[in-house]
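# A closer look at the structure
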Number of protein chains: 2
Amino acid sequence: MGITKSDKFTEAQNRLANIAKVLGHPARIAIIQHLFKIDSCICGDLVNEIGLAQPTISQHLKVLKSVGIIQGSISGTSVCYCIDQDEWNNLSEIIGQFLSQKANTVDDVCC
Amino acid sequence: MGITKSDKFTEAQNRLANIAKVLGHPARIAIIQHLFKIDSCICGDLVNEIGLAQPTISQHLKVLKSVGIIQGSISGTSVCYCIDQDEWNNLSEIIGQFLSQKANTVDDVCC
DNA sequence: AGGTTATATTCCAATATTACGATGAATAGA
DNA sequence: TCTATTCATCGTAATATTGGAATATAACCT
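Residues numbered from 1 in each chain as written. Chains lettered and ligands numbered in written order. Predicted model: local features only at pLDDT ≥ 70, side-chain atom pairs only at ≥ 80, totals over all residues. Heavy atoms only, no water.

### Digging into the packing of aromatic side chains
Inspection of the entire model under this criterion finds four aromatic pairs over all chains. With a centroid separation of 5.6 Å and 75° between ring planes, the pair formed by W88 of chain A and F98 of chain B is classed as edge-to-face. In this pair, W88 of chain A is assigned in helix α5 (residues 85-99) and F98 of chain B in helix α5 (residues 85-99), connecting two distinct chains. Taken individually, W88 of chain A and F98 of chain B each receive the classification buried, so the pair is uniform in this respect. By the ring-pair criterion, three or more aromatic residues cluster together here, those being F36 and W88 of chain A together with F98 of chain B. (Phe/Tyr/Trp six-rings, centres within 6.5 Å; stacked < 30°, edge-to-face > 60°. Helix = DSSP H or I, 4+ residues; strand = E, 2+ residues; numbered from the N terminus. Buried < 20%, exposed > 50% of the residue type's maximum accessible area, 1.4 Å probe, protein only.)

Listed below in structure tokens is the structure:
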């Protein structure tokens, strides 16, 4: 595996795929849901909440940060994570537009 | 890597992540977009349309079929693929609901 | 400074994914 | 039947992802 031939696709296609890829892990879904649930931001409670080791959570947080979904702010020894609502709306728009596609099927030709 | 600890997450979380994962490759995004664009179904024109080898496309189609996004029907020596609009609406609903989450932030506590 | 706590990084094993050549199965047409 | 066409599957190389142990880093407190 491995090499995705990104150069064969458009910027938009790569971007969309990348966002989807980041969402493509249950731990990251769980982290996002938890951050939404707790209005206050969270730190390493996530490690307790989700049943994975601290380095693993840290890595998932990094991935989420890489597409801008979450933000972290340091407060003392702990880091407070939360959803970046603006960025979330942004991504939501991109994905939503993709999802709202409809077949302009006059008649189904075969399926 | 490798083992995703699916048992640590809910059914819904795993399902959502799985859908996202399937969408997490530009080739599959491109395939979906092309199938939407051409109202009539498509066969191995996809191989020409997208610049990847036939086995590779075939593999991506299989992944897309695995979550029910597309259907294929045989006509002669060629196979006709198209979006399963019902299933698409279904997935769209699931993802859309996830995306529409809002922070119930009264005040931002830290970020 | 020394100790504690919280988080990030590094490293590695296990596994998954991507891409494609080679091969196989099915069908249409000569 | 023979051949060409179309697609799926197998096998394999290259690469990516996950998970966690070990370790580093940073901030706080005494």
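Read on, since the account is not over.
### A word on the interface of chain A and chain B
Counting from both sides, the interface comprises 48 residues of chain A and, opposite them, 48 residues of chain B. Carbon and sulfur atoms supply 68% of the area buried between chain A and chain B, which totals about 4200 Å² over both sides. Of all residues in chain A, F98, L99 and C111 of chain A bury the most surface against chain B, accounting for 14% of the area lost on that side. For the pair chain A and chain B, the interface holds zero salt bridges. Run the count over chain A and chain B and you get seven residue pairs in polar contact (both at pLDDT 80 or more). (Contact = heavy atoms within 4.5 Å. Buried area = accessible area lost by both parts, 1.4 Å probe. Salt bridge = Lys/Arg side-chain N within 4 Å of Asp/Glu carboxyl O. Polar contact = N/O pair within 3.5 Å; in protein donor to acceptor, adjacent residues only side chain to side chain.)

### Focus on α5 of chain B
Over its 15 residues, α5 of chain B runs 20 Å from end to end, which matches the ideal 21 Å to within 8%, given 1.5 Å per residue. Within the span of α5 of chain B, buried status applies to W88, L91, S92, I95, F98 and L99 of chain B. The arc enclosing the buried residues of α5 of chain B, seen along the axis, measures out at 125°, which places them on a common side. Among the exposed residues of α5 of chain B, those pointing more than 90 degrees away from its buried face are D86 and Q97 of chain B. Buried residues in α5 of chain B make contact with α2 (26-37) and α5 of chain A together with α1 (11-23), α2 (26-37) and β2 (78-83) of chain B. Put simply, D84 of chain B is the residue that caps the front of α5 of chain B, since its side-chain oxygen is 3.1 Å from the backbone nitrogen of D86 of chain B. (Expected span 1.5 Å × (residues − 1). Arc of directions from axis to C-beta.)

### Examining the pairing of β2 of chain B
Residues and elements named next belong to chain B. With six bridges connecting them, strand β1 (residues 70-75) and β2 associate as antiparallel partners. If you follow S73 over to β2, its bridge partner there is C80. Hairpin remark: β1 followed by β2, antiparallel, with two residues in the connecting loop; positive phi at G76, about 75°. (Pairing = 2+ DSSP bridges.)

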